[in-house]
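# Summary of structural features
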Amino acid sequence: MTPPAMRRPRIRPRVDGWTPPARARVVRIRDRLRDVYGVPLMRPHGHPIAELVLTVLSQSTNDRNRDVAFLRMRTRFPTWEAVRDAPVAELEEAIRPGGISKVKSVRIQAILRAISERPAPAPGLGAEAGVETATGNEAGTRTEGGTEAGTDARTEAATQAIDELSLDWLPCVELARARDYLVALPGVGRKTAACVLLFAYGLRDVPVDTHVSRVGTRLHLLEPGAPLQRLHDQMLALTPPGQELELHVNLLRHGRRTCHARSPECTRCALARMCPSRKLFV
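Below you will find a few notes about this structure. (Residues numbered from 1 in each chain as written. Predicted model: local features only at pLDDT ≥ 70, side-chain atom pairs only at ≥ 80, totals over all residues. Heavy atoms only, no water.)

### Section: unusual backbone geometry
Within the chain, Ile-100 stands out as a residue other than glycine whose phi angle is a positive 35°. Checked against the element boundaries, Ile-100 lands in the loop between helix H5 (88–94) and helix H6 (101–117). Phi at His-220 is positive, roughly 65°, even though this residue is not glycine. Residue placement: His-220 occurs in the loop between helix H10 (210–218) and helix H11 (228–238). (Helix = DSSP H or I, 4+ residues; strand = E, 2+ residues; numbered from the N terminus.)

What follows is the structure, encoded as C-alpha cells:
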C-alpha cells in the first residue's frame, strides 16, 4: 500500500476550462445556504403520479396557479383513470388556471396512457438489492431488508395489472431502471423524473430546474452551457448523499430570492464572496 505522503493528489477532470468543485467547496456553500434558509423539512409523500402531473402543471406558471389547477382537476376527476379517460376538452377546462391548458391536458393524458400500457419492470430489485435512497431526516431512511410483510407488499405493487395505473413499484427496482422508465414517458425529461424519485420516494436524484442551473453555473458548481442531461449528472455527483433535497431546495430558494436571472442582487448575496461570477454583475 502506498504511504499517504507518496500518494498523488486526486485530480478532478476539466471540461473545456471548467473543473468540478472540490467537496470542501460544496460543503461551504451548503452550510452558507443552510444559515440563510435552514434545512427543508419535507418528507417523501409517496404519490409518484401526482408528482408527475404537478410537474407538468407547473410549467410556465407559478405555484399558486399550479395548485389551483391540480385541485380543480382532482375534484372533477377523483381517480387517475378518470383523468386518463376524460374528454380532453373537459380536462383542459379543469386545469385552465394553470395556463397553456390545451397543451398540458394532452400531455397529462399521454403520460397516463403510457403508464397504463407499459408494465412495470420485474420485481425483486428493491431496497434489499441496493436501491439508492436519499437518507437523512428530510428524505427518510431505508431499513436493511425490511419486514417480510413489507417485502410482500412491494412485490405485489410491482406486479399490479397494468390497467390499475400505478407507479407504486418505482422504489422496488434499481434506481437507474426507475429513472429510465420515467424518462421514456411522453414529454418526461430528466428534471421531471428527478422530481418524482426525490419528492415521492426520497430516492437519490436532484432536479436541476432553471434556478438551480443558473445559481449552480454562476457559482461554478456546474459546467456553463452544458446540456441538461450533463447538468443533472454533475449535480448528482457533487451532492453529498442524504442532502439531495436540501441542496436542491436551497439553491432554488436562492435563485428565486436573490440570484435573479437578469439582475442578481449581488450586494446582499450571502454567497457573494464564494461566487466567481459576482464581478460580472457588480
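### So, the packing of aromatic side chains
Scanning the model with the defined rule gives 2 aromatic pairs in all. Judged by centre distance (6.3 Å) and plane angle (50°), the rings of Phe-70 and Trp-80 are tilted. With Phe-70 in helix H3 (residues 63–76) and Trp-80 in helix H4 (residues 80–85), this pair connects stretches of sequence that are 10 residues apart. Accessibility expressed as a relative area gives 14% for Phe-70, which makes it buried. Overall, the relative accessible area of 13% leaves Trp-80 in the buried class. Considering the side-chain rings of Trp-169 and Tyr-181, the 4.7 Å spacing of their centres and the 85° angle between planes classify their relative orientation as edge-to-face. (Phe/Tyr/Trp six-rings, centres within 6.5 Å; stacked < 30°, edge-to-face > 60°. Buried < 20%, exposed > 50% of the residue type's maximum accessible area, 1.4 Å probe, protein only.)

### Here's the deal with the pattern of salt bridges
Counted according to the given criterion, the structure contains 16 salt bridges. Between Arg-30 and Asp-31 there is a salt bridge, with its nearest N and O atoms 2.6 Å apart. In this structure Arg-30 comes out as buried when scored by relative accessible area, which is 14%. We classify Asp-31 as partly exposed; its relative accessible area is 29%. As a salt-bridge pair, Arg-190 and Asp-233 come within 3.0 Å of each other at their nearest N and O atoms. With Arg-190 in helix H9 (residues 190–201) and Asp-233 in helix H11, this pair connects stretches of sequence that are 43 residues apart. (Salt bridge = Lys/Arg side-chain N within 4 Å of Asp/Glu carboxyl O.)

### Considerations on empty space enclosed by the protein
Considering all chains together, one arrives at 1 cavity of 30 Å³ or more under this definition. The calculated volume of the largest cavity comes to roughly 130 Å³. Partitioned by chemical class, the residues of the lining of the largest cavity number 10 nonpolar, 3 polar and 3 charged. (1 Å grid on protein atoms, 1.4 Å probe; cavity = no way out; pocket = protein on both sides within 12 Å on 5 of 7 lines; lining within 4 Å. Points joined across faces, edges and corners; volume = space filled by probe spheres on them. Nonpolar A, V, L, I, M, F, W, Y, C, P; charged D, E, K, R; others polar.)

### A closer look at the packing of H9 against H11
Packing of H9 against H11 brings their axes to within 10 Å, and their N-to-C directions diverge by 35°. Counting all contacts with H9, which are made through Arg-190, Lys-191 and Ala-194, the residues of H11 involved are Gln-229, His-232, Asp-233 and Leu-236. Partitioning the contact of H9 with H11 into residue classes produces 2 nonpolar, 2 polar and 3 charged. (Axes fitted to C-alpha atoms, helices over the stretch in contact; angles between N-to-C directions. Contact = heavy atoms within 4.5 Å.)

### Here's the deal with the packing of helix H2 (residues 48–57) against H3
The interhelical angle for the contact between H2 and H3, taken along N-to-C directions, is 130°, at an axis separation of 9 Å. With respect to each other, H2 and H3 are oriented oblique. Along this stretch, H2 crosses H3, giving a crossing that reads as right-handed. Each of Ala-50, Val-53, Leu-54 and Leu-57 in H2 lies in contact with H3, whose residues at this interface are Arg-66, Asp-67, Ala-69, Phe-70 and Met-73. Tallied by class, residues from the contact of H2 with H3 come to 7 nonpolar, no polar and 2 charged. (Parallel < 35°, antiparallel > 145°, perpendicular 65-115°, else oblique. Left-handed = near helix turned anticlockwise from the far one by under 90°.)

Functional significance is not addressed by these values, which are geometric in nature.
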